[in-house]
Amino acid sequence: MPQFRLLLNGNLKELARLTTETTRFCRQHSLGDDVEFDLHLVLEELFTNSLSHGACRGAEDIAEFQLSNDPDGVTLEYADRGAPFDPTTAPAPDLAAPLRDRPAGGLGIHLIRQIMRDFEYQRLDGWNRLRMRRPIPAEKPK
Amino acid sequence: MIQVTEETRAGWHVVGVKGRADSEAADELEAALRAAVDGHPKVAAEFSALDYISSAGLRAVLQAARAAETRGVEFAVCSLSAPVRKVFDMSGMHHVLRIHGELPC
């Protein structure tokens with residue numbers, strides 16, 4: 001199973017590296033534009049969440065992610081060293097709320113849940129460990 | 001990274017945004033849209049050349065829409081590319097924004 005792993009520092013500038021490396025992985029394995037877009041989005045949301053909520057900002061090697069693909073989809077494992085937080089049970093934002101009442105947060109996790117399947121959380125040895133899959137529908141080869 | 005162009009078309013101040021509206025570009029996007037809302041009665045954000053948007057980019061658009069509402073400025077979002085449209089749809093943006101297939105002007 002082809003795999004790719006990257007360690008990230010607690011700095012928003014790392015987003016560019018995350019994006020470049022994810023693109024490289026997707027193109028190497030001909031995963032298609034839709035999958036590439038979704039992985040960029042999910043990884044950005046995970047990483048910026050780590051930076052804003054996890055007290056990880058400014059430190060080195062605060063997060064790591066791993067991508068592995070098989071014919072049915074891509075498995076993403078993401079971990080950060082921040083405060084314990086389980087996004088799989090976070091409340092959903094009220095998307096129908098009027099503009100002035102709409103909460104600023106929670107949208108990133110909502111997007112991850114819309115895109116990914118089999119979303120799992122574990123707190124292990126001081127790390128938040130997430131695992132999820134982006135299925136690739138068989139009937140739509142790219 | 002984004003590039004912003006501005007023009008006037010049939011009474012609308014059109015802000016064209018090209019590139020990736022990610023967390024790094026969100027402040028720049030919000031500033032550009034807010035400046036447009038500050039100075040014009042009808043503002044259209046034209047996103048046909050926008051390749052990507054994350055929740056940070058969406059927040060920038062929502063902040064501009066809030067500012068427009070406060071000032072009584074008409075604010076519309078137009079010409080979304082298919083992947084960006086998907087993010088808008090998943091986020092329920094149609095509940096709070098005027099989204100057009102093409103420019104309203």
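Quick caveat, the model's predicted, so the values are computed rather than measured.

1. A look at the interface of chain A and chain B
Consideration 1: Contacts between the two partners involve 26 residues from chain A and, on the opposite side, 26 residues from chain B.
Consideration 2: The largest share of the area that chain A buries against chain B comes from Phe-37, Leu-99 and Arg-102 of chain A, three residues that together contribute 32% of it.
Consideration 3: One can count 3 salt bridges joining chain A with chain B.
Consideration 4: One can count 13 residue pairs in polar contact (both at pLDDT 80 or more) joining chain A with chain B.
Consideration 5: When contributions to the side of chain A that touches chain B are tallied by element, the ones reaching two or more residues are α1 (14-28), α2 (33-53) and α3 (107-115) of chain A.

2. Here we look at the packing of aromatic side chains
Residues and elements named next belong to chain B.
Consideration 1: Under the definition given, this model contains 4 aromatic pairs over all chains.
Consideration 2: Ring geometry for Phe-47 versus Phe-88: centroids 6.3 Å apart, planes at 55 degrees, classification tilted. Here Phe-88 lies in helix α3 (residues 82-90) and Phe-47 lies in the loop between β3 (42-46) and β4 (50-53), a separation of 41 residues in the sequence.
Consideration 3: Taking the relative accessible area as the measure of exposure, Phe-47 reaches 0% and is therefore buried.

3. A closer look at the nonpolar core
One recurring pattern in soluble globular proteins is that nonpolar side chains are buried together.
Consideration 1: Counting 69 residues, the largest nonpolar core has Phe-65 of chain A together with Phe-75, Phe-88 and Leu-97 of chain B as the members making the most contacts within it.
Consideration 2: When residues in this core are grouped by element, the largest group, 9 residues, is from α2 of chain A.
Consideration 3: Not counting chain neighbours up to four residues away, the residues in contact with Phe-65 of chain A comprise Phe-4, Arg-5, Leu-6, Leu-8, Leu-18, Thr-22, Leu-43, Leu-76, Glu-77 and Tyr-78 of chain A.
Consideration 4: Counting 6 residues, the second-largest nonpolar core is a separate cluster that includes Val-14, Ala-44, Ala-76 and Leu-103 of chain B.

4. Structural notes on the sheet that holds strand β3 (residues 73-80) of chain A
All names here are of chain A.
Consideration 1: With antiparallel pairing, 5 strands are arranged side by side in an open sheet as β1-β2-β3-β5-β4. This sheet does not close on itself; its edge strands, each paired only once, are β1 (3-8) and β4 (117-124). Averaged over all neighbouring strand pairs, the angle between strand axes comes to 15 degrees, with direction disregarded.
Consideration 2: By the bridge criterion, 6 bridges tie β1 to strand β2 (residues 63-70) in an arrangement that is antiparallel. The residue of β2 that forms the bridge with Leu-8 is Ala-63.
Consideration 3: Packed on one face of the sheet, α2 meets β1, β2, β3 and β5 (127-135) and runs near 10 degrees to β3.
Consideration 4: Relative to β4, α3 is tilted by about 125 degrees, and along the sheet it contacts β4 and β5.

5. Some points on the pairing of strand β5 (residues 74-78) of chain B
Residue and element names in this part refer to chain B.
Consideration 1: Judged by how many residues are buried, β5 sits mostly within the fold: 4 of 5 residues are covered.
Consideration 2: In terms of strand pairing, β3 meets β5 through 5 bridges, oriented parallel. In the strand pairing of β5, Val-43 is matched with Phe-75.
Consideration 3: As paired strands, β5 and strand β6 (residues 98-100) are joined by 3 bridges and run parallel to one another. Paired with Val-77 across the bridge in β6 is Ile-99.
Consideration 4: For the crossover that starts at β5, traverses α3 and ends in the parallel β6, the hand is right-handed.

Here is what the cut-offs are and how they apply
- Residues numbered from 1 in each chain as written.
- Chains lettered and ligands numbered in written order.
- Predicted model: local features only at pLDDT ≥ 70, side-chain atom pairs only at ≥ 80, totals over all residues.
- Heavy atoms only, no water.
- Contact = heavy atoms within 4.5 Å.
- Buried area = accessible area lost by both parts, 1.4 Å probe.
- Salt bridge = Lys/Arg side-chain N within 4 Å of Asp/Glu carboxyl O.
- Polar contact = N/O pair within 3.5 Å; in protein donor to acceptor, adjacent residues only side chain to side chain.
- Helix = DSSP H or I, 4+ residues; strand = E, 2+ residues; numbered from the N terminus.
- Phe/Tyr/Trp six-rings, centres within 6.5 Å; stacked < 30°, edge-to-face > 60°.
- Buried < 20%, exposed > 50% of the residue type's maximum accessible area, 1.4 Å probe, protein only.
- Core = buried A, V, L, I, M, F, W, Y, C linked by side-chain atoms within 4.5 Å.
- Pairing = 2+ DSSP bridges.
- Axes fitted to C-alpha atoms, helices over the stretch in contact; angles between N-to-C directions.
- Right-handed = clockwise from strand over helix to strand, strands pointing away.

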